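Results of the structural survey
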Amino acid sequence: MERRILFPQISGIMHGGDYNPEQWLDRPDILEEDIRLMKEAGMTSATLGVFSWTTYEPREGEFHFDWLKEIMDKLYANGIYTVLATPSGARPAWLDEKYPEAMRVDDYGVRYHHGVRHNHCMSAPIYREKVSIIVNKLIDAVGDHPGLLMWHISNEFGGECYCEHCVKRFRNYLAEKFDHDIAKLNKAWWTTFWSHDYNDFSQIEPPYSNGEFSNMGLNLEWKRFTTWSMTDYMKSEIAILKERTPQIPVTTNYMKLFYGLDYRVMSRELDVVSWDSYPAFHNDWESFADTMGENSFDHAVMRSMKKDRPFMLMESAPGLVNWHGCNKMKRPGVHRLASLQAVALGSDTVQYFQWRKGRGSFEQYHGAVLDHLGTGDTRIFREVAQVGADLEKLSDIRGTLVKSKVALLFDWDNMWAIDAMRGMSQETKEYPKTCIQMYKNLIRFGVDVDIIPSDDSLDDYEVVVAPMLYMIRPGVGESLKRFVERGGQLLATYLTGYVDENQLNFLGGFPGDGLTELFGVVSEELDSLYPTDHNQVRFTDGTVGEVREYAEMLRVNGAEVLGTYTEDYYGGMPAVTSKTYGKGRACYVAARLDDAAMQRLLEECLKAAGVTTYELPCGVERHTREADGKQYVFYLNCTDEIQQVKDVKGTNLLNGEQVDGMLALSPYDVAILA
Ligand code: GAL
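This is a predicted model, so every value here is computed, not measured.

Cut-offs used in this document
- The numbers attached to residues start from 1 for each chain and follow its sequence in the written order.
- Local features in this predicted model are restricted to residues of pLDDT 70 or higher, and side-chain atom pairs are both shown and tallied only at a pLDDT of 80 or more, whereas totals for entire chains, interfaces and linings draw on every residue.
- Only heavy atoms go into the side-chain values, all of them from the structure, while hydrogens and water stay out.
- Each salt bridge in this description consists of a side-chain nitrogen of Lys or Arg and a carboxyl oxygen of Asp or Glu lying within 4 Å of one another.
- The buried label goes to any residue with under 20% of its type's maximum accessible area, the exposed label to any with over 50%, and the partly exposed label to all in between, with areas taken from a 1.4 Å probe on protein chains only.
- An automatic or database domain assignment is the source of the domain bounds shown.
- When checking whether two residues touch, look at their non-hydrogen atoms; a contact exists if any pair is within 4.5 Å.
- Polar contacts, as counted here, are pairs of nitrogen or oxygen atoms within 3.5 Å of one another; within protein the pair requires one atom able to donate a hydrogen and one able to accept it, and residues that are adjacent in sequence qualify only if both atoms are side-chain atoms.
- Every helix listed is a DSSP run of H or I at least four residues long, and every strand listed is a run of E at least two residues long, numbered separately from the N terminus.
- Exposure above 30% relative accessible area and the lack of any salt bridge qualify a residue for a patch; like charges then connect within 9 Å, and the nonpolar side chains Val, Leu, Ile, Met, Phe, Trp and Tyr within 5 Å.
- Note on areas: Shrake-Rupley with a 1.4 Å probe; residue coverage comes only from the protein chains shown.
- Put plainly, a pocket is an open set of points on a 1 Å grid over the protein atoms alone with protein on both sides within 12 Å along at least five of seven lines, a cavity is a set where a 1.4 Å probe fits but cannot get out, and a lining residue has an atom within 4 Å of a point.
- Grid points are joined across faces, edges and corners, and a volume is the space filled by probe spheres set on the points.
- Each residue gets one label: Ala, Val, Leu, Ile, Met, Phe, Trp, Tyr, Cys and Pro are nonpolar, Asp, Glu, Lys and Arg are charged, and the others, such as Gly, are polar.
- Any residue with a heavy atom lying within 4 Å of a molecule or strand is counted as near it.
- A molecule is counted as occupying a cavity or pocket when more than half of its atoms fall within 2 Å of that pocket's grid points.

This brings us to the pattern of salt bridges. In this structure the tally under the stated criterion is 46 salt bridges. Salt-bridge contacts for aspartate 179 lead to lysine 184; the nearest nitrogen and oxygen are separated by 2.3 Å. A residue is classified by how much of its surface remains accessible, and lysine 184, at 39% relative accessible area, is partly exposed. In this structure, the salt-bridge partner of arginine 555 is glutamate 524, at a minimum N-O distance of 2.9 Å.

Pasting the structure below:
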């Protein structure tokens, strides 16, 4: 495996952040000071122009780019590269005033007023035209600038539009998808229910909140269409950039498991995946290690979208944000820990929102490297500078990759389908949370886990975990069988294989699509439990697991029973099973179990697959990056106590110390062993 360096121009792990000099053009003294302090903080990049449209084009057709050129020149002269955004994240007032169709229409059919951001109609020809003009002008101005490192397309895509352009495109999209045959669509969407058959594609409306929101197939296809439409829009920007600056890589910044867009589909169009990480550190509903664990999951999602290259941490807050319910400050040391966690999971950058706090408006209290005090002698500045110094030491890690033998299946479609489905307990379905919990229970053993779509190739993996794989997309049943047949360890849970890709139930027993044969079980009933209900699973080794929220009743057909329910009318019935299939094993966990019970089952799968596991103190994460025959093992102490890790060997790149045996980690400390 060879390294894949994203930015050869930068020697260490890239360190940068959103920079908004357009807000300070009347303060040349501040702009001078910015560059001096950026160097002091070890910044190697700045993200410019994310919301600069009105400074570039204050009136229609009147353009100003000199200020941008001047700033890019100065940054470059000081060793700081530019990640340049296209400014389409927010529209000027003149544009909305003259061309109201650029503004979105909501799910009641009402057009938005001008304001805020990220709320354009992605289909409106005039919006696309205006964006194309400004992007071309931007390329004219700085497309050949030596400091231009990368294009950052728009900002945090999201949302839906129900305007006439979008409705028309939705109908065309459906006609295309269902071969212009309305009978096919009716069948796939089971429209005879409530007499909802369509005679023609022209009758179909999106799921307006005061219209047709009761058809599962329609709702799901609208979500897929929204991703398609957003991707189509994004491609229109990429086409301009690639035509004129083919050598410059493109990205756009994602937001965790953002609900409204299937990032896997969008990522096919990007050179690099990047995202914005804003965990609620030190919250009062979970442990700090749990918050870090979820952030680790999010990083793994991003990494797994392009496994052959590093991803980018495009934004993170040096101190605090301003949009959580309670905006708590990161405790001393946590900024470094969170930054190096991104690197541990495969990021080749640590970047911030934002370099300097603005004086006014919506984000005036959002954290930044420099706050209103304006000096570099603050705690936050010092911590950022410390991160800068650490990243500079990690040039050997640039371009290395995380190679995992373990995959967790997660699908956006599956999330939409589970949420939309009327059934179970509406409050406790929690598909993403279940996946995150499963991930945390796996990394407990020091293994890295890829988070991949269910129809991805499973060839590289020895263990596959499929929590709540309700929707089985075409080919997935076969692929899971092949995986187990050749020796893989598969673990699936309750709610596997109920529907196909149109949300039509499989007939003849769940899990469908041939999976009853693979697991050797048929799920006959699904019980939803109230929080006060109680049940347990007793395993054959005598251990017991608590059952929460969901329990399926299984009919066993050739599988071995590993655990049975202890109570209720299904007491004594199978709850956890395992079946040998070919050279591998398929394990079915019919109930939502507590973490300790899940960890025992997962550990067994890892061991059976020959994946090396590690004994780690609770709250310590271990991740590995590798390339060219070298390995870098990260240990992250995600607790506020000293932790000791056994059997560690190597040189700690952060402080040069040799470790052979016990590694002591201070609160929130990180060690990177080469
Ligand atoms: C991001 C966004 C930035 C800024 C930041 C605040 O989601 O891209 O522009 O608003 O949030 O946390």
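What the domain assignment lists for the protein chain is domain 1 (14-157 + 248-397), domain 2 (406-608) and domain 3 (620-673). Here the C-alpha centroids of domain 1 and domain 3 sit 30 Å apart. Taken together, the contact pairs 26 residues of domain 1 with 15 residues of domain 3. Taken together, the links from domain 1 to domain 3 amount to two salt bridges. For the salt bridge of arginine 336 with aspartate 669, the shortest nitrogen-to-oxygen distance reads 3.1 Å. Scanning the region where domain 1 abuts domain 3 turns up eight residue pairs in polar contact (both at pLDDT 80 or more). Every element with two or more residues in the side of domain 1 that touches domain 3 is listed here: α10 (288-305), α11 (334-344) and β9 (347-352).

On the secondary structure map, asparagine 295 appears in helix α10. A polar contact is formed between the side chain of asparagine 295 and the side chain of serine 277, at a distance of 2.9 Å. Look past the residues within four positions of asparagine 295 in its chain and what remains in contact with it is Trp275, Ser277, Pro279 and Gln341.

This paragraph deals with a nonpolar patch on the surface. Nonpolar side chains collect at one region of the surface, where Trp190, Phe193 and Trp194 lie side by side and expose about 440 Å² of accessible area between them. Inspection of the secondary structure assignment puts tryptophan 190 in the loop between α7 (182-189) and α8 (216-244).

Before going further, it helps to spend a moment on empty space enclosed by the protein. Applying the stated rule across the entire model yields five cavities of 30 Å³ or more. Gly159, Glu160, Cys161, Thr226 and Ser229 are, among the 13 residues lining the largest cavity, the residues nearest its centre. Its boundaries defined by the atoms lining it, the second largest cavity holds a volume of some 60 Å³. Ile5, Leu6, Phe7, Ile10, Gly12, Ile13, Met14, Asp348 and Arg398 together form the lining of the second largest cavity. Of the residues assigned to the lining of the second largest cavity, the class counts are six nonpolar, one polar and two charged.

With that settled, the discussion passes to the site of the ligand. Lining the immediate environment of the ligand, one finds Phe51, Arg117, Asn155, Glu156, Asn253, Asp276, Tyr278, Glu315, Trp323, Phe353, Glu363 and His366. In the environment of the ligand, an oxygen atom lies 2.8 Å from a nitrogen or oxygen atom belonging to the side chain of glutamate 315. Between an oxygen atom of the ligand and a side-chain N or O atom of tryptophan 323, the distance comes to 2.8 Å. Summarising the interface, the protein chains cover 95% of the accessible area of the ligand, which totals 310 Å² for the free molecule. The site holding the ligand turns out to be the largest pocket.

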